[in-house]
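Summary of the model geometry
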Amino acid sequence: MADNGEDIPLHQACKGESILNTNRQIKTSEDATTSCKNTNVALKIAARDPEGDLSLYQPRPPTQPRWPKTSKKGSVERTVRTRRLRNSQESLSDPTGSSTDSLKEDLTVPTPGSQVFRTRDNSLSDYERGRHSQQSSPKDHRVKSSKLRLSPLQPTGPLPALEMSFESANLRAANRIDRDCLDYALLANKKGKLHRNLSDSRLLGNMGSDSASVSSMKSTYSVLSPIKPKDVRNRSFLEGSLLGTGALLGAEELDRYFPDRSVGVYVATWNMQGEKALPTNLDDLLLPADCEVAQDFYIIGVQEGCPDRREWEIRLQETLGPHYILLYGASHGVLYLTVFVRRDFIWFCSEAEHATVTTRIISQIKTKGALGIAFTFFGTSFLFITSHFTSGDAKVYERILDYNKIVEALNLPKGLPDANPFHSRPSDVTTRFDQIFWFGDFNFRLSKARVDVDAIISGIMGEDMGPLFEHDQLSNVMKDGSIFEGFQEAPIHFLPTYKFDIGCDIYDSTSKQRTPSYTDRILFKSRYVEDIKVIKYTSCSNIKTSDHRPVIGVFQVKIKPGRDDIPLCAGKFDRGLYLEGIRRRITRELKMREAMKNQSSSTICTVS
């Protein structure tokens, strides 16, 4: 064609090159050499006119491939199809190549009417132009011609429908609802309305199921309401505001979390008798089986506590689990007082503070006295006092003196504002708070001989303890107004909690023959009438490591909105104790599972 280097028309050179490229796989090596020569001819033409526009002379494929005159069209087409099929199979079975490489290769001989000719519109794509410009040697032509580009796979059936949720898998796991909330949902469906202050039932209307995955919308509304950017911009602390919009402790925020404006308070008091060995399980003390739901606050007061106070608090955290955190803990000698709150509510608590009073003549001896912890929740101030009064059957007057000294000397509040300064009295700490709980070993006895008390106990039918309370010292002095002014006590329907032989339900069988008595009590006082409702008041008879039985009380307490000028807790709690308690809880659970697994695997099976 142009071996002698003569000038030839450009359109003929391009046409010859296109034919050679189209028949590349059925040509011999001599055809490939001829194609290379035609390429050189095009380069020579470009060299003669360096300023010419080469885009006008780009090679274009023919609308239909030209078959060689020396062979029949049918035989050539069969040969091309056979080679294409063989090359496709080789590219798929080639261990060094990949299907991706084969897809990138050009179809050297497309059949007439194929998709390639329908989409190209008689012009090469940018990708193919780049490939033609990068070809440099006949060797490259021979190597690349062995690979074919496979047509894209088409689905044989309809595509699966998209899920309702479009969030990622990580986001689904982060927004998943806890299983305990689902338990509340099932309980609400069975029994109807729950006490909203005692559970998460107020969230059930917006809570979604966690059976598979929770959609983004339901996950956002499942626990907390979404926050709009407009609200974030406008939110500020309104100092001194009770009803203003945006106040952190105001009415709007209170109604969001507590629609009925009440919380559940669990109080426990126990004289441990200084025993080092703690009960193996404290569930009966804090989580009795007959309680329908857990409470919002857990306050535990201990007299004659175990030598290791830290160990005691870790055991309480282990029992309550990850839903609760230790807001504050304090001690006065062997008096321990701990306050656990639900971790959701810590942002609405003020800083807690404590004070102590010793009722002994020698102040260094701290076996008798009182320990108080105070804090504010929203706009309601709480005061919890645990105390140990003077012991002795006939020392009623000494116990009254202990009470008077405590109410005068307990220095609370310190940094917290007085809830109602106009009605507070400097001589009575209980007048400075909205809700007061006073509990402990008051040591008031039954003024009756042991034989007579035993006879009354044996003759008691059901839960009527009236015959015993006719001789109760505390009830009598409270009626006279000598002690615990303004305090109330729930009706008692349980047997005396003092004094037992350790490890059994038999009252004192020693030579002293102490009279059974109600020494362990829980009293309460509210600034507003009927703000405290008694849910339960009983003793825990399953814990027998001491000569006293623990006494527990469950209360429903009204709360009110507050001002944002109080010193907030800001999420502060004992994190070290929290982590240690959770670690022990996990370890205990794993040991129980391992023991059950070993027990089931060691069972002997017989075949009859």
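Residues numbered from 1 in each chain as written. Predicted model: local features only at pLDDT ≥ 70, side-chain atom pairs only at ≥ 80, totals over all residues. Heavy atoms only, no water.

1. A few points about the overall build of the protein
Tallying secondary structure elements over the protein gives 19 helices and eleven strands in all. Residues classed as buried in the protein amount to 42% of the 608 residues present. Partitioning the contacts of the protein with sequence separation of at least 6, the portion at a separation of at least 24 is 72%. Working note: accessible area of the protein is about 33,700 Å², and carbon and sulfur atoms make up 53% of it. (Helix = DSSP H or I, 4+ residues; strand = E, 2+ residues; numbered from the N terminus. Buried < 20%, exposed > 50% of the residue type's maximum accessible area, 1.4 Å probe, protein only. Contact = heavy atoms within 4.5 Å. Areas by Shrake-Rupley, 256 points an atom, 1.4 Å probe, with all protein chains shown as cover.)

2. Overview of the pattern of salt bridges
For the coordinates displayed, the defined rule picks out 25 salt bridges. The salt bridge involving Asp547 is made with Lys499; its shortest N-O contact spans 3.5 Å. Placement of the pair is Asp547 in the loop between strand S10 (532–539) and strand S11 (551–558) and Lys499 in the loop between helix H18 (473–480) and strand S9 (520–526), with a sequence separation of 48 residues. Asp547 gets classed as buried once you look at its relative accessible area, which sits at 6%. Arg549 is the salt-bridge partner of Asp505, the closest N and O atoms lying 3.2 Å from each other. Of this pair, Asp505 sits in the loop between H18 and S9 while Arg549 sits in the loop between S10 and S11, and the two are 44 residues apart along the sequence. (Salt bridge = Lys/Arg side-chain N within 4 Å of Asp/Glu carboxyl O.)

3. Details of the sheet that holds strand S5 (residues 353–358)
The sheet built from five strands is open, its strands ordered S5-S6-S7-S8-S9 with mixed pairing. The open sheet is flanked by S5 and S9, the only strands paired with a single partner. Ignoring strand direction, the axes of neighbouring strands in this sheet form an average angle of 15°. The strands touched by helix H15 (residues 396–409) within the sheet are S5, strand S6 (369–377), strand S7 (380–388) and strand S8 (435–441), with S5 carrying the most contacts at an inclination of about 145°. (Pairing = 2+ DSSP bridges. Axes fitted to C-alpha atoms, helices over the stretch in contact; angles between N-to-C directions.)

4. A word on the packing of aromatic side chains
Using the criterion set out here, one finds 32 aromatic pairs in the structure. On the basis of an interplanar angle of 55° and a centroid distance of 5.1 Å, the ring pair of Tyr257 and Phe348 is categorised as tilted. Pair noted here: Tyr257 is in helix H12 (residues 251–257) and Phe348 is in the loop between strand S4 (335–342) and S5, with a separation of 91 residues, a long-range link. We note that Tyr257, like Phe348, is buried. (Phe/Tyr/Trp six-rings, centres within 6.5 Å; stacked < 30°, edge-to-face > 60°.)

5. Topic: the environment of Trp270
Along the chain, Trp270 falls in strand S1 (residues 262–271). Trp270 sits 32 residues away from Val302 along the chain, and the two C-alpha atoms are 5.1 Å apart. For Trp270, the contacting residues outside a window of four places in its chain are Pro279, Gly301, Val302, Gln303, Trp312, Ile543, Thr545, Ser546, His548, Arg549 and Pro550. Polar contacts involving the side chain of Trp270 include one to the main-chain carbonyl oxygen of His548, which spans 3.3 Å. (Polar contact = N/O pair within 3.5 Å; in protein donor to acceptor, adjacent residues only side chain to side chain.)

6. A look at the pairing of S9
The side chains of a regular strand alternate between both faces of the sheet. Among the seven residues of S9, six are classified as buried, and the element is accordingly described as predominantly covered. Note: S8 against S9, seven bridges, orientation antiparallel. Among the inter-strand pairings, Phe439 is bridged to a residue of S9, identified as Ile522.

7. Re the nonpolar core
Grouped together as the largest cluster of nonpolar side chains are 56 residues, with contacts concentrated most on Phe258, Val265, Phe375, Phe377, Phe437 and Leu468. At four residues, the largest contribution of residues to this core is made by S6. Sequence-distant contacts of Val265, defined by excluding residues within four places in its chain, comprise Gln295, Phe297, Ile299, Phe384, Phe437, Gly553, Val554, Phe555 and Val557. (Core = buried A, V, L, I, M, F, W, Y, C linked by side-chain atoms within 4.5 Å.)

8. Section: the sheet that holds S1
Judged by pairing direction, the sheet is mixed, and its six strands sit side by side in the order S3-S4-S2-S1-S11-S10 without closing on themselves. Of all the strands in the sheet, the pair left with one neighbour each is strand S3 (324–332) and S10. Each strand axis lies, on average, 15° off the axis of its neighbour in the sheet, ignoring direction. Looking at chain direction, S1 and S11 are connected through eight bridges and run antiparallel. Looking at the pairing, Ser262 lines up with Lys558 of S11. Helix H14 (residues 309–320) rests against S1, strand S2 (297–303), S3 and S4 of the sheet, and its axis sits at about 155° to S3.

9. Considering the confidence of the model for the protein
Residues at a pLDDT of 70 or more form 62% of the protein, whose mean pLDDT is 75. Taken together, the stretch residues 1–29 has pLDDT below 50 and engages in 48 contacts with residues farther than four places along the chain or on a different chain. A low-confidence stretch, residues 191–222 (pLDDT under 50), is modelled with 69 contacts involving residues beyond four sequence positions or located in other chains. (pLDDT = per-residue confidence, 0-100.)

10. Notes on H18
Residues spaced three or four apart along an α-helix point in a common direction, a consequence of the helix completing one turn every 3.6 residues. Among the residues of H18, those classed as buried are Gln473, Leu474, Ser475 and Val477. At its buried positions, H18 is contacted by H15, helix H17 (466–469) and S9.

11. Some points on H15
In this model H15 runs 20 Å from its N-terminal to its C-terminal C-alpha over 14 residues, within 8% of the 20 Å that 1.5 Å per residue would give. Regarding H15, the residues found buried are Arg399, Ile400, Asp402, Tyr403, Ile406 and Val407. For H15, the angular spread of buried residues about the axis comes to 155°, placing them on one side. Projecting away from the buried face of H15 at angles above 90 degrees are the exposed residues Tyr397 and Glu408. Those residues of H15 that are buried are in contact with S5, S6, S7, S8 and H18. (Expected span 1.5 Å × (residues − 1). Arc of directions from axis to C-beta.)

12. Some words on unusual backbone geometry
Leave glycine aside and you will find that most residues have negative phi; peptide bonds, for their part, are mostly trans. Cis geometry is found at the peptide bond from Leu412 to Pro413, where omega equals -5°. Inspection of the secondary structure assignment puts Pro413 in the loop between H15 and S8. Following Tyr498, the chain continues into Lys499 via a peptide bond in cis, with omega recorded as 0°. For Glu530, which is not glycine, the phi dihedral falls at a positive 60°. If you trace the backbone, Glu530 turns up in the loop between S9 and S10.

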